[in-house]
Amino acid sequence: MEVDGNPWAGEVALVIDGQRHVLKLTLGALADLEAGLESDSLVALVERFEQGAFSTRDVLALIVAGLRGGGWQGRAADLLSAEIEGGPMQATKVSAALLARAFALPEVG
C-alpha cells in the first residue's frame with residue numbers, strides 16, 4: 001500500500017474507517033506533538049524512527065498530530081477502535097512519511 005498525498009505540501013493520506021484523510025504536520029501540530037511527548041523532544045522522536053526504536057505510542061501521536069494538522073477535530077481516543085486501511089504497518093509508514101515530509105524537501109526526479 002502506497003503513501004500518497006502531496007509531498008511538496010508535506011501531506012500524507014490515510015484511510016480511516018473507509019474515509020480518506022489528509023495528514024500534515026503544521027507548526028501548530030508539531031508544537032502539540034512536542035508538548036504531548038512531555039520530556040521528549042521532536043529530535044528524539046525522529047531518532048527513534050531512524051533507528052527503528054519507535055513505539056506504538058509514537059505512531060499514534062504522529063497520526064493524531066498529522067490528522068489535526070489536516071483539519072481533523074477528533075481525539076486520540078477516537079482512533080482506538082478505528083479501522084486503519086493497511087493496519088499497523090500502514091500507520092507506521094504514514095507516521096514515518098509525515099516526519100520525513102515535515103523536515104525534508106521531496107526529491108525531484
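Fair warning: this is a prediction, and the values are worked out from it, not measured in the lab. (Residues numbered from 1 in each chain as written. Predicted model: local features only at pLDDT ≥ 70, side-chain atom pairs only at ≥ 80, totals over all residues. Heavy atoms only, no water.)

A. How the structure looks around the nonpolar core. Ranked by size, the top nonpolar core spans 28 residues in total, and within it Leu45, Ile63, Leu79 and Val94 carry the most contacts. Ranked by residue count, the leading element in this core is helix H3 (residues 56-69), at 6 residues. In this view, Ile63 contacts Leu14, Leu23, Leu79, Ala91, Val94 and Ser95; residues no more than four positions away in its chain are not counted. (Core = buried A, V, L, I, M, F, W, Y, C linked by side-chain atoms within 4.5 Å. Buried < 20%, exposed > 50% of the residue type's maximum accessible area, 1.4 Å probe, protein only. Helix = DSSP H or I, 4+ residues; strand = E, 2+ residues; numbered from the N terminus. Contact = heavy atoms within 4.5 Å.)

B. Focus on the environment of Leu80. Position of Leu80 relative to the elements: it lies in the loop between H3 and helix H4 (87-103). The exposed category is assigned to Leu80, whose relative accessible area is 66%.

C. A look at unusual backbone geometry. Phi is positive for Asp17, close to 50 degrees, though the residue is something other than glycine. When you line up the elements, Asp17 lands in the loop between strand S1 (11-16) and strand S2 (19-24). By relative accessible area, Asp17 is classed as exposed at 53%.

D. Here's a closer look at the side chain of Arg48. Take Arg48: it is sitting in helix H2 (residues 42-51). Taking relative accessible area as the criterion, Arg48 reaches 17% and is therefore assigned buried. Setting aside its immediate chain neighbours within four residues, Arg48 contacts Leu37, Asp40, Ala53, Phe54 and Asp58.

E. Just the packing of helix H1 (residues 27-36) against H3, in detail. Where H1 contacts H3, the axes come no closer than 9 Å and their chain directions differ by 150 degrees. When the axes of H1 and H3 are compared, the pair comes out roughly antiparallel. For the crossing formed where H1 meets H3, the hand is right-handed. In this structure, H1 contributes Ala29, Leu33 and Gly36 to the contact, and H3 contributes Arg57, Ala61, Leu62, Ala65 and Gly69. In the contact of H1 with H3, the residues fall into 5 nonpolar, 2 polar and 1 charged. (Axes fitted to C-alpha atoms, helices over the stretch in contact; angles between N-to-C directions. Parallel < 35°, antiparallel > 145°, perpendicular 65-115°, else oblique. Left-handed = near helix turned anticlockwise from the far one by under 90°. Nonpolar A, V, L, I, M, F, W, Y, C, P; charged D, E, K, R; others polar.)

F. Here's a closer look at H1. When we look at burial in H1, the residues that qualify are Ala29, Leu30 and Leu33. The buried residues of H1 all sit within an arc of 100 degrees when viewed along its axis, so they share a single face. Exposed residues pointing more than 90 degrees away from the buried face of H1 are listed as Leu27 and Ala35. Taken together, the buried residues of H1 touch S2, H2, H3 and H4. (Arc of directions from axis to C-beta.)

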